[in-house]
Amino acid sequence: MQAIQMFTTGSPDVLTLQDIPMPSLGPGEALVRIEASGVNFIDTYFREGRYPAHLPYTLGQEAAGTVTALGPGAGGVKVDDRVAWCGIPGTYAQFAVAPASRLVRIPEGVTATEAAAAILQGMTAHYLSHSAYPIESGDEVLIHAGAGGTGLLLIQMAKARGARVFTTVSTAQKEALVRAAGADEVILYTHEDFAAKVKKLVNGPGLHAVYDSVGKTTFDKSLEVLRPRGTLVLFGGSSGAVPPFDLIRLSLLGSLYITRPTLKDYIATRHDLEERARDVFGSVADGSLKLRIEHTYPLAEAAQAHRDLESRKTTGKLILLP
């Protein structure tokens, strides 16, 4: 089979298409023929070496496809089931092995491409809006990078939960996308200071929560726009890692909260995984959650997909098709 592997860390150029042996099945595992694999910022962190990986390494942690074989003791799915999963490395490939217990069935009315576009970013938006900071009706929240794949889904979920949604984008084209997703207040951070604009528009003493996937360049001002006892949910670092931080600042700014969550801890149990996947896929199937699939690439063009993702010029989801 073919897979995208890296033999060293670095730029997108380290991603190469390789012929490798088919993976072998272990107890409790399923072999899946991949039909679509999602491209995510976490993949670039592994490629750059921010996160450790044993080389050679096959990137990708999100995919959808069809079960072709089961290892001893694998339950919950059967051969020919359409499934999706995330958080298991190795999906930039034609086939992958995953624990059967981490697979979720794709319901009728959802394609493999839609499932791959929704499983990781959809469940991320779900845990952010329902659990990391559970949005309540009437809350005012800021979502950075609103035109990205997770951002567009998070805007929709925040609106469904009754929030007034502020978001930051870089271009007028992206402004149109986030407004279509339901954003109430859109700030072009390339033209104006987002903190000053939020303080001008917010109804109360500050925002209830900020969802920040940008990190280094937005962190300080994200804290500034929170109301006393507000929450900063820092779930990414597309601009770089946040420098060391003195916790006393949280007290001085109004007894603020910060959390640095990751999806795996919010789908650690089978119950949580199935509940979040069911909510996300159900909303995709009934049309209440709109996906934006920006571009699909042949598997061999994974490096270009990374370049496009890191350019900050994309909107919505990028998908590899093996």
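Let us look at the structure shown here. (Residues numbered from 1 in each chain as written. Predicted model: local features only at pLDDT ≥ 70, side-chain atom pairs only at ≥ 80, totals over all residues. Heavy atoms only, no water.)

## Considering unusual backbone geometry
Counted only if it meets this: Going along the chain from the N terminus, every DSSP run of H or I of four or more residues is numbered as a helix, and every run of E of two or more is numbered as a strand.
In this model, Leu55 is joined to Pro56 through a cis peptide bond whose omega is -5 degrees. Among the structural elements, Pro56 can be located in the loop between α1 (41-48) and β4 (57-58). In this structure, Ala145 takes a positive phi of about 55 degrees despite not being glycine. Along the chain, Ala145 turns up in the loop between β9 (140-143) and α3 (149-160). Its identity as a non-glycine residue notwithstanding, Arg229 has a phi of 65 degrees, on the positive side. Along the chain, Arg229 falls in strand β13 (residues 226-234).

## Describing the pattern of salt bridges
Inclusion rule: One speaks of a salt bridge when a side-chain nitrogen belonging to Lys or Arg is within 4 Å of a carboxyl oxygen belonging to Asp or Glu. The rule is simple: take the accessible area with a 1.4 Å probe, protein chains only, and divide by the maximum for that residue type; under 20% is buried, over 50% is exposed, in between is partly exposed.
What the rule picks out here adds up to 18 salt bridges. The residue Glu140 makes a salt bridge to Arg164 at a minimum N-O spacing of 2.6 Å. Taken together, the residues Glu140 in strand β9 and Arg164 in strand β10 (residues 164-169) connect sequence positions 24 residues apart. Note on accessibility: Glu140 and Arg164 belong to one class, buried.

## Focus on the sheet that holds β9
The condition is simple: DSSP-based pairing: two strands are paired if at least 2 bridges between them are found. Only C-alpha atoms enter the line fits that serve as axes; for helices the fit covers just the stretch in contact. Angles between N-to-C directions range over 0 to 180 degrees.
Judged by pairing direction, the sheet is parallel, and its six strands sit side by side in the order β11-β10-β9-β12-β13-β14 without closing on themselves. At either end of the open sheet lies a strand with only one pairing partner, and these are β11 (185-188) and β14 (257-259). The average angle at which neighbouring strand axes cross in this sheet is 15 degrees, direction not considered. Across three bridges, β13 lies against β14 in parallel orientation. Along β14, the bridge assignment pairs Leu232 with Ile258.

## A few points about the packing of helix α2 (residues 112-132) against helix α8 (residues 270-286)
Counted only if it meets this: Roughly parallel covers angles under 35 degrees, roughly antiparallel covers those over 145, roughly perpendicular covers 65 to 115, and oblique covers all other angles. Left-handed describes a crossing whose near helix is turned anticlockwise from the far helix through less than a right angle; right-handed describes the clockwise counterpart. We call two residues in contact when some of their heavy atoms are within 4.5 Å.
For the pair α2 and α8, interaxial distance at closest approach is 9 Å and the crossing angle is 115 degrees. With respect to each other, α2 and α8 are oriented roughly perpendicular. The crossing of α2 and α8 is right-handed. Contact residues: α2 offers Glu114, Ala115, Ala118, Ile119, Gly122, Met123, His126, Tyr127, His130 and Ser131, while α8 offers Leu273, Arg276, Ala277, Asp279, Val280, Phe281 and Val284.

## Details of the nonpolar core
Operational definition: Among buried residues, those of type Ala, Val, Leu, Ile, Met, Phe, Trp, Tyr and Cys that are joined through side-chain atoms within 4.5 Å constitute a nonpolar core.
Counting residues in hydrophobic clusters, the biggest one holds 52 residues, and the most contacted among them are Ala84, Ile119, Met123, Leu128, Val178, Tyr211 and Phe281. Once residues lying within four places of it in the same chain are set aside, the contact partners of Met123 are Cys86, Ala118, Leu263, Ile267, Leu273, Arg276, Ala277 and Val280.

## Description of helix α5 (residues 194-201)
Since one α-helical turn is 3.6 residues long, residues separated by three or four positions face the same way. The test is simple: Directions drawn from the helix axis to the C-beta atoms are what define this arc. Distance and chemistry together define a polar contact, namely a pair of N or O atoms within 3.5 Å, with one atom able to donate a hydrogen and the other to accept it when in protein, and with adjacent residues in sequence counting only for side-chain atoms on both sides.
All buried positions along α5 are accounted for by Phe194, Ala195 and Val198. Buried residues of α5, seen end-on, are gathered within an arc of 95 degrees and therefore sit on one face of the element. On its buried side, α5 packs onto β9, β10, β11, β12 (207-212) and α6 (219-224). Capping the start of α5 is the job of one residue whose side-chain oxygen sits 3.0 Å from the backbone nitrogen of Ala195: Asp193.

## Let's talk about the pairing of strand β6 (residues 82-86)
The buried fraction of β6 amounts to four of the five residues, a majority that puts the element mostly inside the structure. Bridging between strand β5 (residues 62-70) and β6 involves five bridges; their strand directions are antiparallel. Looking at β6, one finds that Glu62 is bridged to Cys86. Here β6 runs beside strand β8 (residues 104-105); their pairing, made up of two bridges, is antiparallel. Across the sheet, the residue bridging to Ala84 is Val104, located in β8.

## Points about the environment of Ala158
Take Ala158: it is sitting in helix α3. As a C-alpha pair, Ala158 and Glu48 span 110 residues in sequence and 32 Å in three-dimensional space. In this structure Ala158 touches Ile135, Ile143, Ala163 and Val165, once residues within four positions along its chain are discounted.

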